[in-house]
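Listed below, chain by chain, are the residues.
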2 protein chains.
Amino acid sequence: MKTVRLSIIGFGAVGQGVARSILSKQEYLHKQGIDLCVVGIADSGGCEVNKQGIDLKNAIARKKQTGTVAADSDGVLDLINGTDHDIVVEATPTSIKDGEPGLGNMLSAFESGKHVVTSNKGPLALRFSELKEAAEDNGVMFRYEATVGGAVPIFNLIHEALAGNTIVGIEGILNGTCNYILTRMAEERMPYELVLKEAQELGIAEADPTYDVEGIDSACKLVIIANSVFGDNATYHDVDVTGITKITPEALELANENNYLIKLICEATEGKLTVAPRLVPKRHPLAVGGTLNVASIQTDLAGRITISGKGAGSIETASSILSDIVFIARNS
Amino acid sequence: MKTVRLSIIGFGAVGQGVARSILSKQEYLHKQGIDLCVVGIADSGGCEVNKQGIDLKNAIARKKQTGTVAADSDGVLDLINGTDHDIVVEATPTSIKDGEPGLGNMLSAFESGKHVVTSNKGPLALRFSELKEAAEDNGVMFRYEATVGGAVPIFNLIHEALAGNTIVGIEGILNGTCNYILTRMAEERMPYELVLKEAQELGIAEADPTYDVEGIDSACKLVIIANSVFGDNATYHDVDVTGITKITPEALELANENNYLIKLICEATEGKLTVAPRLVPKRHPLAVGGTLNVASIQTDLAGRITISGKGAGSIETASSILSDIVFIARNS
């Protein structure tokens, strides 16, 4: 049995999803020879550290009751640097202004010789190369499957499953909120504002939906894909972005009459990054509905490979984090 | 640079596709620190062995001119056992009667301490557990991505990218010939016999189409999935199989009027294996057309993940073989 010691930095929906997944999959992972031991949890209120392993059930309950897991006066960086462990799971809220606090947390983790697994897009959309180099310089792994596509394992597919293929281009729908709004507008012939309100009531769109509907979230994800796949050094400012706020039910109806859908498509080829509404034939692999995410990868040998699944949700995101943790456990 | 020495056993469309892929990707693989060196090729006419590495261009040209690469009087098993190398790529024609010659080739490879990468379904549909145990007993790897779904990396997706997930069930369309026939019948309202003839003329269906249209090929692939994912010890005789020969244009038309398609669906849940024509909603992830293959994997954490792509073709199949070779190069 290989014991892998983790910290979980950020204990919101994703961090708690990781803790719940570890709890529910303990036996399954033991059968594969992996024992996951969480030695530290941090949230905005403080930290809990226990070198023998934190009682995760208790931590989740405490977070629910008191709003924090804080039991220690130590700061987050003390936990990352000062506590002996293998993997830092970075799941703090994302910022596309300066990438903090995720950026600092990840760099500290690398400098203290720890692998990083993250769901936090901001730092990767701003400073991808720097993070990648920091990991390489310190001889540790940097895994970020959960930053793009929720449960859909896009990076593993490209780097592992399609190893040997040269990636020619990638198209995808990477924002479930926009996909939901466009799907409902087309199916119910409802105007944008009404569907947005419905999505907000269902918790699919935020109170301030700008980040999603203006294509910023999609652009951040596209940048991470481009940097990871093509070795670009792009930031989200390099993406040509158009959102979905100007799309009318009439445009969707006209598309429908000609057997097309309108989708917010992210496209990366070497040197060009675009997020914009596009006509997609109804029978095209990208024509997935509801909140689904999809990525279609054009390769030299395998041709076009398309993968779709749930793009959000705490357990779905935890699934991607868990597969990254298992990858590190198997390969370290 | 890590040198990985291979033999290619079987030098038809797939074996030559592997050779062509290695030739075209040499520089790409060198950049990843991998040098692939083919030290032996076998076809039904004999073997060529060269410990310094075979000139693949020359071997392909010779095969085209003379019908064989044979330059040596040694048999295939002498090449597998007697020549020092790391990976046996087994790409001989498949037999679902006794699995030979693939079965014997793979077992010899394992016994002589060599990893096996294969596209050959027959041996796996008949004797999966025995092969898996032989690999484990000899401490070598057994990779078979190319046996199911052509270029679509189903096994890597399940075992690596979705690691940490428990697989609840798998549905898929795993035979491009049947999918092509049903797609054309629905779109053109043509009867089965006419579309089959068209498919035969296009080289999509064999002169004797039984293996495809009666669902036998699908059943073999489903068995390999079930054995690999659920640890079953099934053979293709355990699958409840119905083919597509009885499907009428009228049935497809009726389905179409209700927004359904008819597809030959393979389904594996723990303990039950079925191949049969099924109604699939047009918006369902499994509703892919033409010769495409698709697999939809139901998991406990990630929900449903669906992947589609080209299910056949020598370069597409070589893509899956190459990714297995790279996996072994990285992990051995």
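All residue numbers refer to positions counted from 1 along the written sequence of the respective chain. Written order decides the labels, with chains lettered from A and ligands numbered from 1. In keeping with the predicted nature of the model, local features appear solely for residues at pLDDT of at least 70, side-chain atom pairs appear and are counted solely at 80 or more, and the whole-chain, interface and lining totals rest on all residues. To obtain the side-chain values, all non-hydrogen atoms of the structure were used and water was disregarded.

- The name given to chain A in an unreviewed UniProt entry is Homoserine dehydrogenase, with the source organism recorded as Candidatus Methanoperedens nitratireducens.
- Recorded in UniProt under Sequence similarities (unreviewed entry), the annotation for chain A is "Belongs to the homoserine dehydrogenase family." UniProt positions are given in the numbering used here, feature names are shortened, and annotations may be inferred rather than shown by experiment.

### Remarks on the UniProt feature "domain: Aspartate/homoserine dehydrogenase NAD-binding" (unreviewed entry) in chain A
- Per the UniProt record, "domain: Aspartate/homoserine dehydrogenase NAD-binding" (unreviewed entry) is annotated on residues 10–145 of chain A.
- In residues 10–145 of chain A, helix accounts for 47% and strand for 18%; the two terminal C-alpha atoms are 17 Å from one another. Helix and strand definitions here come from DSSP, where helices need a minimum of 4 consecutive H or I residues and strands a minimum of 2 consecutive E residues; each element is numbered from the N-terminal end.

### Quick word on the relation of the copies chain B and chain A
- Superposition of the copies used a least-squares fit over C-alpha atoms from residues whose pLDDT is at least 70 in both. The transformation that overlays chain B on chain A combines an axial shift of 0.0 Å with a rotation of 180°, and the residual RMSD is 0.0 Å. When the rotation and shift are considered jointly, the pair of chain copies conforms to a two-fold rotation axis. Within chain B, the C-alpha atom positioned nearest to the axis of rotation is that of Ile307(B), 2.1 Å from it.
- Only heavy atoms matter for contacts: two residues are in contact if any of them lie within 4.5 Å across the pair. With an isologous cut-off of 70% or more, the 100% of interface residues of chain B that recur at the interface of chain A puts this contact in the isologous class.

### Here we look at the pattern of salt bridges
- A pairing counts as a salt bridge when a side-chain nitrogen of Lys or Arg comes within 4 Å of a carboxyl oxygen of Asp or Glu. Tallying each qualifying case throughout the model produces 36 salt bridges over all chains.
- The partner of Asp300(B) in a salt bridge is Lys25(A), with the nearest N and O atoms 2.3 Å apart. Linking Asp300(B) in the loop between strand 11 (292–299) and strand 12 (304–310) with Lys25(A) in helix 1 (residues 13–31), this pair reaches from one chain into another.
- Judged by relative accessible area, Lys25(A) falls into the buried class, the value being 3%.
- With its nearest N and O atoms 3.5 Å apart, the salt bridge here joins Lys121(A) to Asp217(A). Linking Lys121(A) in helix 5 (residues 121–137) with Asp217(A) in helix 10 (residues 216–230), this pair joins segments that are 96 residues apart in sequence.
- Partly exposed describes any residue whose relative accessible area lies between the buried limit of under 20% and the exposed limit of over 50%, with all areas from a 1.4 Å probe on protein chains only and scaled to the type maximum. By relative accessible area, Lys121(A) is classed as buried at 14%.
- The buried category is assigned to Asp217(A), whose relative accessible area is 3%.
- One salt-bridge network, in which partners are shared between bridges, spans Arg143(A), Glu160(A), Asp324(A) and Arg330(B).

### Considering the packing of helix 4 (residues 102–111) of chain A against helix 5 of chain A
Residues and elements named next belong to chain A.
- Axis separation between helix 4 and helix 5 bottoms out at 10 Å; the angle between their running directions is 10°. Compared by their axis directions, helix 4 and helix 5 come out roughly parallel. Residues Gly102, Leu103, Met106, Leu107 and Phe110 of helix 4 form the contact with helix 5, whose participating residues are Pro123, Leu124, Arg127, Glu130, Leu131, Ala134 and Ala135.
- All amino acids are sorted into three groups, where Ala, Val, Leu, Ile, Met, Phe, Trp, Tyr, Cys and Pro are nonpolar, Asp, Glu, Lys and Arg are charged, and the leftover types, Gly among them, are polar. Broken down by class, the residue content of the contact of helix 4 with helix 5 amounts to nine nonpolar, one polar and two charged. Here the axes come from fitting lines to C-alpha atoms, over the contacting stretch only for helices, and the angles between their N-to-C directions go from 0 to 180 degrees. For classification, angles of less than 35 degrees are called roughly parallel, those exceeding 145 degrees roughly antiparallel, those between 65 and 115 degrees roughly perpendicular, and all remaining angles oblique.

### Describing the interface of chain B and chain A
- Contacts between the two partners involve 38 residues from chain B, matched on the other side by 38 residues from chain A.
- The junction of chain B with chain A conceals about 3100 Å² of combined surface from both sides, 51% of it contributed by carbon and sulfur atoms.
- Where chain B meets chain A, there are six salt bridges.
- Notably, a salt bridge pairs Arg330(B) with Glu160(A), separated by 3.9 Å at the nearest N-O pair.
- Polar contacts here mean pairs of N or O atoms no more than 3.5 Å apart (in protein, one a potential hydrogen donor and the other a potential acceptor; neighbouring residues in sequence count only if both atoms are side-chain atoms). Seen at the junction of chain B and chain A, the total is 18 residue pairs in polar contact (both at pLDDT 80 or more).
- Broken down by secondary-structure element, the contributors of at least two residues to the side of chain B that touches chain A are helix 1 (13–31), helix 6 (154–161), helix 7 (176–188), strand 12 and helix 12 (314–331) of chain B.
- At eight residues, the largest contribution of residues to the side of chain B that touches chain A is made by helix 12 of chain B.
- Per-class residue counts for the side of chain B that touches chain A are 15 nonpolar, 14 polar and nine charged.
- Of the pairings in the sheet, the one linking strand 12 (residues 304–310) of chain A to strand 12 of chain B comprises three bridges and is antiparallel in character. Across the sheet, the residue bridging to Ile307(A) is Ile307(B), located in strand 12 of chain B. A 1.4 Å probe defines the accessible area here, and the buried area is the portion of it lost by two parts on being joined, summed over both. DSSP-based pairing: two strands are paired if at least 2 bridges between them are found.

### Re the packing of aromatic side chains
- In this scheme Phe, Tyr and Trp rings, the latter by its six-membered ring, pair at centre separations within 6.5 Å, and the angle between planes marks the pair as stacked below 30 degrees, edge-to-face above 60, and tilted otherwise. Scanning the model with the defined rule gives 10 aromatic pairs over all chains in all.
- The interplanar angle of 80° and the centroid separation of 5.5 Å between the aromatic rings of Phe128(A) and Tyr144(A) together place this pair among those described as edge-to-face. Here Tyr144(A) lies in the loop between strand 6 (142–143) and helix 6 (154–161) and Phe128(A) lies in helix 5, a separation of 16 residues in the sequence. Considered together, Phe128(A) and Tyr144(A) belong to a single accessibility category, that of buried residues.
- Ring centres of Tyr144(A) and Phe155(A) lie 4.9 Å apart, and the angle between their planes is 75°; on these two criteria the pair is classed as edge-to-face. A residue pair is termed long-range when its members are at least 10 positions apart, and Tyr144(A) in the loop between strand 6 and helix 6 and Phe155(A) in helix 6 qualify at 11 residues. Each member of the pair, Tyr144(A) as well as Phe155(A), carries the same accessibility label: buried.
- The rule is short: NZ of Lys or CZ of Arg within 6 Å of the ring centre and within 35 degrees of the ring normal puts a charge over the ring. The ring of Tyr28(B) has Lys25(B) sitting right over it, with the charged end atom 4.5 Å from the ring centre.
- Between Arg143(B) and the ring centre of Phe327(B), over which it is positioned, the NZ or CZ distance is 3.6 Å.

### Overview of the UniProt feature "binding site: L-homoserine" (unreviewed entry) in chain A
Residues and elements named next belong to chain A.
- The UniProt record annotates "binding site: L-homoserine" (unreviewed entry) at Glu206.
- One can find Glu206 in the loop between helix 8 (192–201) and helix 9 (210–213).
- For Glu206, a relative accessible area of 53% puts it in the exposed group.
- Residues within four places of Glu206 in sequence aside, it is in contact with Gln200 and Asp212.

### Brief notes about the sheet that holds strand 11 of chain B
- In spatial order, the strands read 8(A)-10(A)-9(A)-7(A)-11(A)-12(A)-12(B)-11(B)-7(B)-9(B)-10(B)-8(B); together these 12 strands make up an open sheet with mixed pairing. Two strands close off the open sheet at either side, each with one partner strand: strand 8 (240–241) of chain A together with strand 8 (240–241) of chain B.
- Relative to strand 9 (residues 260–269) of chain B, strand 7 (residues 167–173) of chain B runs antiparallel, the two sharing four bridges. Counterpart to Gly169(B) in the pairing with strand 9 of chain B is Thr269(B).
- Helix-sheet contacts for helix 6 of chain A involve strand 7 (167–173), strand 11 (292–299) and strand 12 of chain A together with strand 12 of chain B, and the interaxial angle to strand 11 of chain A is about 20°.
- Where helix 7 of chain B meets the sheet, its contacts fall on strand 7, strand 9 and strand 11 of chain B, and the angle it forms with strand 9 of chain B comes to roughly 155°.

### Describing the environment of Phe327(B)
Residue and element names in this part refer to chain B.
- The topology assignment puts Phe327 in helix 12.
- The class for Phe327 is buried, based on a relative accessible area of 19%.
- Each C-alpha atom, one on Phe327 and one on Tyr144, is 12 Å from the other, the two residues being 183 residues apart in sequence.
- Not counting chain neighbours up to four residues away, the residues in contact with Phe327 comprise Met141, Arg143 and Glu160.

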